[in-house]
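Each chain, letter by letter, is given below.
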Amino acid sequence: MHEASHILVVDDDEGTCKLVERILLKQGYRVTTTTNPLEVERLVLTQDFKLIILGLIMPVLDGNAILQRLAARGDKTLVIVMSGNLPRLLPTTQVVATLSKPFQVAQVTGLVKQFA
């Protein structure tokens, strides 16, 4: 049941994180957000996430680098990548969907229902 699903939202834009958080909380999901991509590994190691919604283009550490780090650790958490520029995405088995910015509420809820 999705009420128990815990979702991590990662984006350098706090407004995007808060928007996705509000959408998911209204759907009954548990949500953790961070605007610091360097926190992702620690969060994934210390909490049990069903799904990660990950910004692709971020300073310091981009979404591709995060995906590589998670894969190197053997993490199998499913990932939805969101970005206004998706062609830079490296292929990986963790990425189950992409979400183009700007997005509609129905796009977010539809993808999350499918994978969380």
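Preceding block: the structure.
Residues numbered from 1 in each chain as written. Predicted model: local features only at pLDDT ≥ 70, side-chain atom pairs only at ≥ 80, totals over all residues. Heavy atoms only, no water.

A. Focus on the nonpolar core. Ranked by internal contacts, the top residues of the largest apolar core, which has 20 residues, are Ile-7, Val-9, Leu-24, Ile-53, Ile-80 and Val-112. Those elements giving two or more residues to this core turn out to be strand E1 (6–10), helix H1 (14–26), strand E3 (51–55), strand E4 (78–83), strand E5 (95–100) and helix H4 (105–115). Filtering out sequence-adjacent residues up to four positions away, Leu-24 remains in contact with Ile-7, Val-9, Tyr-29, Val-31, Ile-53, Val-108 and Val-112. Ranked by size, the runner-up nonpolar core spans 18 residues in total, among them Val-40, Ile-52, Leu-54 and Val-81. (Core = buried A, V, L, I, M, F, W, Y, C linked by side-chain atoms within 4.5 Å. Buried < 20%, exposed > 50% of the residue type's maximum accessible area, 1.4 Å probe, protein only. Helix = DSSP H or I, 4+ residues; strand = E, 2+ residues; numbered from the N terminus. Contact = heavy atoms within 4.5 Å.)

B. Spatial organisation of the environment of Leu-54. By the element assignment, Leu-54 lies in strand E3. By relative accessible area, Leu-54 is classed as buried at 1%. C-alpha separation for the pair Leu-54 and Thr-35, spaced 19 residues apart in sequence, amounts to 10 Å. Among all residues touching Leu-54, those that are not within four sequence positions of it are Val-10, Gly-63, Ile-66, Leu-67, Val-79, Ile-80, Val-81 and Met-82.

C. Quick look at helix H3 (residues 63–72). Buried residues of H3: Gly-63, Asn-64, Ala-65, Ile-66, Leu-67 and Leu-70, and no others. At its buried positions, H3 is contacted by helix H2 (40–46), E3, E4 and E5. One side-chain oxygen at the N-terminal end of H3 lies 3.2 Å from the backbone nitrogen of Asn-64; it belongs to Asp-62. At the C-terminal side of H3, Gly-74 shows a positive phi close to 85 degrees. (Polar contact = N/O pair within 3.5 Å; in protein donor to acceptor, adjacent residues only side chain to side chain.)

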